[in-house]
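Per-entry structural report
Listed here are the chains, written in short residue letters.
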Amino acid sequence: MRLPRDFTQTELELYNYLITGNIKNMATASLYEKLEDPVDKFLVAYVFELGNTRVLAEQALGLSKATIWSKIKRIKRILAEYYKI
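Position numbers for residues count from 1 along each chain, tracking the sequence in the order it is written. The predicted nature of this model means local features are confined to residues of pLDDT at least 70 and side-chain atom pairs, given and counted, to a pLDDT of 80 or more, with totals for whole chains, interfaces and linings taken over all residues. Excluding hydrogens and water, the side-chain figures rest on all heavy atoms present in the structure.

**Here's the deal with a nonpolar patch on the surface**
Excluding any residue in a salt bridge, patches collect residues exceeding 30% relative accessible area, merging like charges within 9 Å and nonpolar Val, Leu, Ile, Met, Phe, Trp and Tyr side chains within 5 Å. Working definition of accessibility: Shrake-Rupley area with a 1.4 Å probe, residue cover restricted to the visible protein chains. We define a salt bridge as a contact between a side-chain nitrogen of Lys or Arg and a carboxyl oxygen of Asp or Glu at a distance within 4 Å. Residues M1, L14, Y17, L18, I19 and I23 make up a contiguous nonpolar surface patch of about 710 Å² in total accessible area. Per the convention used, a helix needs a DSSP run of H or I reaching at least four residues, while a strand needs a run of E reaching at least two, with both numbered from the N terminus. Along the chain, I23 falls in the loop between α1 (9-20) and α2 (28-34).

So this is what it looks like as structure tokens:
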């Protein structure tokens, strides 16, 4: 069983319950606590939650494509550990 790429918070909580048998609150506030860098927090909100592109994030932050790419890669790794996906 796999989650779709555009899963909602409710779908994620149900998925985790079906897989692990544990009920875990998947609020985004707890995810933001795991990120120390304010730029990473901005990227989570701007790219993942609001659905903007990485190109727009590059322009908004004034960072290079490689920097944005590496930060998003690190964020995805943290998301995978946190949500156990």
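We are not done yet, so read on.
**A closer look at the packing of helix α3 (residues 38-49) against helix α4 (residues 54-61)**
Helix packing for two helices is described by the angle between their axes and how far apart those axes are. For helices, the axis comes from a line fit to the C-alpha atoms of the stretch in contact; other axes are also lines fit to C-alpha atoms, and the angle between any two N-to-C directions lies between 0 and 180 degrees. Look at α3 against α4: their axes get within 10 Å of each other, and the N-to-C directions meet at 140°. Taken together, the axis directions place α3 and α4 in an arrangement best described as oblique. For the pair α3 and α4, the sense of crossing is right-handed. Contacts between α3 and α4 involve V39, F42, L43, Y46 and V47 from the first element and L56, A57, A60 and L61 from the second. Any residue outside Ala, Val, Leu, Ile, Met, Phe, Trp, Tyr, Cys, Pro, Asp, Glu, Lys and Arg is labelled polar, Gly included; the first ten of those are nonpolar and the last four are charged. Within the contact of α3 with α4, the residues separate by chemical class into nine nonpolar, no polar and no charged. Any angle between 65 and 115 degrees counts as roughly perpendicular, while under 35 counts as roughly parallel, over 145 as roughly antiparallel, and the rest as oblique. By definition, any crossing whose near helix is turned counterclockwise from its far helix by less than a right angle is left-handed, and any crossing with a clockwise turn is right-handed. Contacts are residue-level and defined by heavy atoms, with any inter-residue pair within 4.5 Å sufficient.

**Overview of α1**
In a regular helix each residue adds 1.5 Å, so 12 residues correspond to 16 Å; α1 covers 16 Å between its end C-alpha atoms and thus fits that length. Remark: exposure states derive from per-residue accessible area (1.4 Å probe, protein chains only) relative to the maximum for the residue type, with buried under 20%, exposed over 50%, and partly exposed in between. Turning to α1, its buried residues are L12, Y15 and N16. Projected down its long axis, α1 shows its buried positions confined to an angular sector of 95°, all on one face. In α1, those exposed residues whose orientation departs by more than 90 degrees from the buried face are T10, L14 and L18. G21 occupies a position one or two residues after α1 and carries a positive phi of about 85°. Every helix has an expected span of 1.5 Å times one less than the residues it contains. In this context, the arc is that of the directions from the helix axis out to the C-beta atoms.

**Thoughts on a positive patch on the surface**
On the surface, R2, R5, R54 and K76 cluster together into a patch of positive charge. Along the chain, the position of K76 falls in helix α5 (residues 65-83). Charged residues are defined narrowly, with Lys and Arg counted positive, Asp and Glu counted negative, and His plus the chain ends left uncounted. Charge placement uses NZ in Lys and CZ in Arg. For Asp and Glu, CG and CD serve respectively.

**Some details on the side chain of E58**
Relative to the helices and strands, E58 resides in helix α4. Of the side chains with opposite charge, K65 lies nearest to the buried E58, which makes no salt bridge, at 5.9 Å. Excluding residues that lie within four positions of it along the chain, E58 makes contacts with L63, S64, K65 and I68.

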